[in-house]
Amino acid sequence: MTAERRVVVTGLGATTPVGGNVPDTWDAILAGRSGARTMPYEWVEQYDLPVKFAATLKTPAEEVLSKVEVRRMDPSAQYALIAAREAWADAGSPEGDPERLAACIGTGIGGVWTLLSQWDNLREKGPRRVFPLAVPMLMPNASSAAVSLEIGARAGAHTPVSACASGLEAMGYAYDMIRNGRADIAVAGGTEGAVHALPIAGFAAMQALSTRNDDPERASRPYDTGRDGFVLGEGAAVVVLEEYEAAKARGAKIYAEVGGVGMSADSHHIAAPEPEGAGASRAMVEAVQRAGLTPKDIVHVNAHATSTPVGDVAESNAIRRAFGDDADGMPVSATKSMTGHLLGAAGALEGVLTILALHHRLAPATINLDDFDPAIKLDVVHGEARKLPAGDIAALNNSFGFGGHNVAVVFTSV
Amino acid sequence: MAQSEQEILEGLAEIVNEETGLDTDSVQSDKSFTDDLDIDSLSMMTIVVNAEEKFGVRIPDDEVKNLKTVGDAVSFISKSQS
C-alpha cells in the first residue's frame with residue numbers, strides 16, 4: 001500500500017455576476033459589490049414575471065467566446081468553458097497523459113435555454129427547424145464534455161447533478177478520482193445558465209426568490225431579518241486539482257489542499273431542508289474528520305446561506321449541531337449576498353472563494369446585513385473582511401441542494 | 001426571386017461562416033464540404049436548413065448527400081429557384 005495521495009488546487013477560473021474572471025471576482029467580493037441587476041430581457045414584462053432581477057454575468061459570454069462557440073453551446077456550457085480555460089491557463093496548462101486527466105463539471109439544470117428555445121422552434125416552425133445540435137447542447141453533461149474536449153481529458157468526464165450542491169459535489173468527485181488513482185489531474189467545478197423565464201417562474205411559484213424588485217442590489221441578504229428569498233444567479237467556477245507530489249515536482253503554484261470531503265442526504269423532503277440539520281451536520285463532521293482535523297482547526301466557513309428565511313436558520317442549526325461551541329471560532333461568510341445563487345455553480349464558486357480566503361488569509365464580509373436575525377447562532381463576518389490567522393489553517397465550504405443533498409469540503413493552507 | 005449563382009455562392013458563404021467560423025473567401029465552388037471545409041454532417045444539416053430559409057427553396061434530406069461541393073449546392077439552389 002502506497003502512501004495516501006494528497007490533492008491540491010493549482011488553478012482557478014470563474015465567470016460570475018461580479019467579475020468576468022477570478023481576479024475581478026475576488027476584487028468585487030472584497031469591495032462588497034452586488035452582481036444583482038434588473039433583467040434587460042423583454043420576456044420579463046411579456047410574462048409579467050413576479051421577479052424582475054437576477055445576478056447576470058458581469059462579462060457576457062459573447063464578449064469572450066467566438067461566434068461559433070456561442071452558436072454551438074448552451075449558455076451553461078459556454079460559461080463552463082470560459083471558467084475552465086482560465087483555470088487551466090492559471091495552472092500553467094500542465095502537460096501529462098490525457099488518460100490520467102479528468103473533467104468533472106456539475107450543473108443543476110443543464111441546457112434549459114436550448115431545451116426551451118428549440119421547443120419554441122418546433123412549435124412555431126416545425127421539426128425541420130429544430131437545431132441538429134439541440135440534444136447534445138441541452139444534455140446536462142454537455143459542459144463536462146466540452147471541457148473534456150477542450151483540455152483533452154480522457155480519464156473520464158463526469159457530471160454530478162444534485163441541484164445547488166452539484167458544483168461542490170463535482171469537486172468532491174474529482175478529489176476522489178485523484179485520491180483513488182483514477183486520475184492525476186482533474187478540472188472540476190460547476191456551471192449554470194438558467195436565468196430564463198421558466199426557472200424564474202418555477203422558483204417564484206415556490207416562493208423561493210426575493211421579490212425586492214425596486215432594490216436588486218439589496219435583495220440577497222443572508223442572515224438579515226428582512227431576507228425574503230434567494231437571488232437567481234448565473235455563471236461558472238472551476239478549479240484544477242492535482243496530485244500533490246506531481247504538482248510539487250513540476251513547480252506548480254499551489255493555492256490550497258483539499259483536506260476532506262463529506263457528503264450526505266437528508267431523505268426528508270424534496271425541497272425543504274431538514275430543520276435540525278442532521279444530514280448537513282453529518283457532511284460537515286465527515287469533511288473535518290477526513291481532513292484529519294478537529295473543529296478547532298476550522299478558522300473560516302463559507303456558508304451555503306442563500307438568503308431564504310428557512311434555509312439560513314437550518315444551516316446555522318446544522319453548524320451548531322456539528323461543532324457545538326467550537327462554531328464560535330469560525331467566522332462565517334455568506335458570499336451569495338454579492339453573487340446571488342448560482343445553483344449548480346454555487347458550490348464551485350464558493351469553493352473558489354474559500355480557497356482564495358485561505359490563500360489571502362481574508363474572510364470576505366457579508367453585505368446587506370443590517371438587522372441580524374437572532375435565530376442565527378453564528379459569527380457572521382460583515383462590515384469589513386476579517387483577517388485569518390497565520391500558520392496552518394483550514395476552512396469549510398458548505399453546499400446543499402433541493403433533494404436533500406449535502407456536500408461539505410475542507411480546504412487547508414499549504 | 002431567382003438569384004445569380006454568384007449571389008447564391010455569397011449567401012451560402014455567409015451561412016457557412018456563421019455556422020463554422022470559416023472565412024467566407026474560403027467557401028469556393030470547387031471546395032468539398034467534408035474534405036476541404038471539414039464540415040461534419042450535423043453542421044451540414046444546419047447549413048441546409050438555413051439555406052432553405054435564406055433562398056426560399058426546399059432541399060430534401062435525400063438530396064443532401066449529393067451535394068459534395070459548394071458548387072453542387074449552388075447549382076441545386078439555383079435550379080430550385082427557377
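For clarity, every value in this text was computed on a predicted model and none was experimentally measured. All residue numbers refer to position in the chain's written sequence, counted from 1. Whichever chain is written first becomes A and whichever ligand is written first becomes 1, with later ones labelled in order. The predicted origin of the model limits local features to residues at a pLDDT of at least 70 and limits the giving and counting of side-chain atom pairs to 80 or more, whereas totals for whole chains, interfaces and linings rest on all residues.

1. Some thoughts on the overall build of chain A
Elements are defined by DSSP. Helices are runs of H or I of four residues or more, strands are runs of E of two residues or more, and each kind is numbered from the N terminus. Counting secondary structure elements, chain A contains 14 helices and 14 strands. To get the radius of gyration, use the C-alpha atoms; to get the globule rule, take the number of residues to the power 0.38 and multiply by 2.2 Å. Taking 414 residues into account, the globule formula puts the C-alpha radius of gyration at 22 Å, and chain A, at 20 Å, falls close to it. On the principal axes, the C-alpha backbone points of chain A span a range of 60 × 55 × 40 Å. Buried residues are those with 20 or more other C-beta atoms within 10 Å of their own C-beta, exposed residues have 12 or fewer, and partly exposed residues lie in between; C-beta atoms are placed from the backbone. Put simply, chain A has 414 residues, and 59% of those count as buried. Throughout, a residue-residue contact means that the two C-beta atoms, derived from backbone geometry, are no farther apart than 7 Å. Partitioning the intrachain contacts of chain A with sequence separation of at least 6 by distance along the chain shows that 80% fall at a separation of at least 24.

2. Details of the domain arrangement of chain A
Residue and element names in this part refer to chain A. You can read the domains of chain A as domain 1 (7-249) and domain 2 (261-404). Averaged C-alpha coordinates put domain 1 and domain 2 at centres separated by 21 Å. With 62 residues of domain 1 at the interface, the matching set in domain 2 holds 49 residues. Taken together, the elements giving at least two residues each to the side of domain 1 that touches domain 2 come down to β1 (7-15), α1 (22-31), β4 (101-107), α8 (166-179), β6 (185-192) and β7 (235-243). Sorting elements by how many residues they give to the side of domain 1 that touches domain 2 places α8 first, with 8 residues. Partitioned by chemical class, the residues of the side of domain 1 that touches domain 2 number 33 nonpolar, 21 polar and 8 charged. As used throughout, domain bounds are those supplied by an automatic or database domain assignment. Classes in brief: Ala, Val, Leu, Ile, Met, Phe, Trp, Tyr, Cys and Pro nonpolar; Asp, Glu, Lys and Arg charged; the others, Gly included, polar.

3. Looking at the environment of Asp48(A)
Residue and element names in this part refer to chain A. Considering the arrangement of structural elements, one finds Asp 48 in the loop between α2 (43-46) and β3 (53-54). Residue class for Asp 48 comes out exposed when judged on the 8 C-beta atoms lying within 10 Å of it. Asp 48 sits 153 residues away from Ala 201 along the chain, and the two C-alpha atoms are 9.8 Å apart.

4. Quick word on the sheet that holds strand β14 (residues 405-412) of chain A
Residues and elements named next belong to chain A. Strand order in the open sheet made by the 10 strands is β5-β4-β6-β7-β1-β8-β14-β13-β9-β10, with mixed pairing throughout. One side of each edge strand has no neighbouring strand; the edge strands of this open sheet are β5 (156-158) and β10 (332-333). Between any two strands, at least two bridges found by DSSP are needed for them to pair. When β4 meets β5, the two strands line up parallel, connected through 3 bridges. By the bridge assignment, Ala 103 is partnered in β5 with Ala 157.

5. Let's talk about α1(A)
Along an α-helix, a turn takes 3.6 residues, which lines up residues three or four apart on a common side. Residue and element names in this part refer to chain A. Residues of α1 that are buried include every one of Val 22, Thr 25, Trp 26, Ala 28 and Ile 29, and no others. Taken end-on, α1 shows its buried residues confined to a sector of 160 degrees, consistent with a single buried face. Buried residues in α1 make contact with β1, α4 (75-90), α13 (336-339) and α14 (346-360). Downstream of α1 by one or two residues, Gly 32 has phi in the positive range, about 70 degrees. The directions from the helix axis to the C-beta atoms form the arc being described.

6. Concerning the interface of chain B and chain A
Contacts between the two partners involve 6 residues from chain B, matched on the other side by 8 residues from chain A. It is helix α2 (residues 41-55) of chain B that provides the largest number of residues to the side of chain B that touches chain A, a total of 4 residues.

7. Description of the environment of Ala247(A)
Residue and element names in this part refer to chain A. Topologically, Ala 247 is positioned in helix α10 (residues 244-249). Ala 247 sits 105 residues away from Val 352 along the chain, and the two C-alpha atoms are 18 Å apart. If near-sequence neighbours (up to four positions away) are discounted, Ala 247 is found in contact with Val 8, Thr 10, Glu 242, Ala 252 and Ile 254.

8. With respect to the packing of helix α1 (residues 5-20) of chain B against α2(B)
Residue and element names in this part refer to chain B. Axes here mean lines fitted to C-alpha atoms, for a helix over just the part in contact, with angles spanning 0 to 180 degrees between N-to-C directions. Following both chains from N to C, one finds α1 and α2 inclined at 135 degrees, their axes separated by 10 Å at the closest point. Of the possible angle classes, the one that applies to α1 and α2 is oblique. By crossing handedness, the relation of α1 to α2 is classed as right-handed. From α1, Ile 8, Gly 11, Leu 12, Ile 15, Val 16, Glu 19 and Thr 20 reach across to α2, where they touch Ser 43, Thr 46, Ile 47, Asn 50, Ala 51, Lys 54 and Phe 55. Residues of the contact of α1 with α2, tallied by class, amount to 7 nonpolar, 5 polar and 2 charged. Throughout, the term roughly parallel applies to angles under 35 degrees, roughly antiparallel to angles over 145, roughly perpendicular to angles from 65 to 115, and oblique to all others. Crossing chirality is assigned from the near helix's rotation relative to the far helix, an anticlockwise turn below a right angle marking it left-handed and a clockwise turn marking it right-handed.

9. Examining the nonpolar core
By convention in this section, buried Ala, Val, Leu, Ile, Met, Phe, Trp, Tyr and Cys residues joined through C-beta atoms within 7 Å make up a nonpolar core. With 134 residues, the main nonpolar core has Ala80(A), Ala174(A), Ala186(A), Val187(A), Val238(A), Leu241(A) and Val352(A) as its most contacted residues. In this structure, this core is formed jointly by two domains, domain 1 (7-249) and domain 2 (261-404) of chain A, each of which donates at least three residues. Contacts of Val352(A), omitting those with residues within four sequence positions, involve Leu12(A), Ala14(A), Val22(A), Ala237(A) and Val239(A). In this structure, Ile8(B), Phe33(B), Ile39(B) and Met44(B) belong to the second largest nonpolar core, which totals 19 residues.

10. Re the confidence of the model for chain B
Residues and elements named next belong to chain B. pLDDT measures how confident the predictor is about each residue, on a scale from 0 to 100. Here chain B shows a mean pLDDT of 94. Residues at 70 or above account for 99%. The weakest mean pLDDT in chain B belongs to helix α3 (residues 61-64) at 92; the strongest belongs to helix α4 (residues 70-81) at 96. In the model output, the complex is listed with pTM 0.95 alongside ipTM 0.83.

11. Examining the environment of Trp113(A)
All names here are of chain A. When you line up the elements, Trp 113 lands in helix α5 (residues 112-125). Each C-alpha atom of the pair Trp 113 and Gly 383 lies 38 Å from the other, and the pair is 270 residues apart in sequence. Apart from residues lying up to four places away in sequence, Trp 113 is in contact with Asp 74, Pro 75, Gly 193 and His 196.

12. Thoughts on α5(A)
Residue and element names in this part refer to chain A. Expected span of a helix, by definition, is 1.5 Å for each gap between consecutive residues, and there is one gap fewer than residues. Between its first and last C-alpha atoms α5 spans 19 Å; for 14 residues at 1.5 Å apiece the expected length is 20 Å, and the two agree. Taken as a whole, α5 has its buried residues at Val 112, Trp 113 and Thr 114. Downstream of α5 by a residue or two, Gly 126 has a phi angle that is positive, lying close to 100 degrees.

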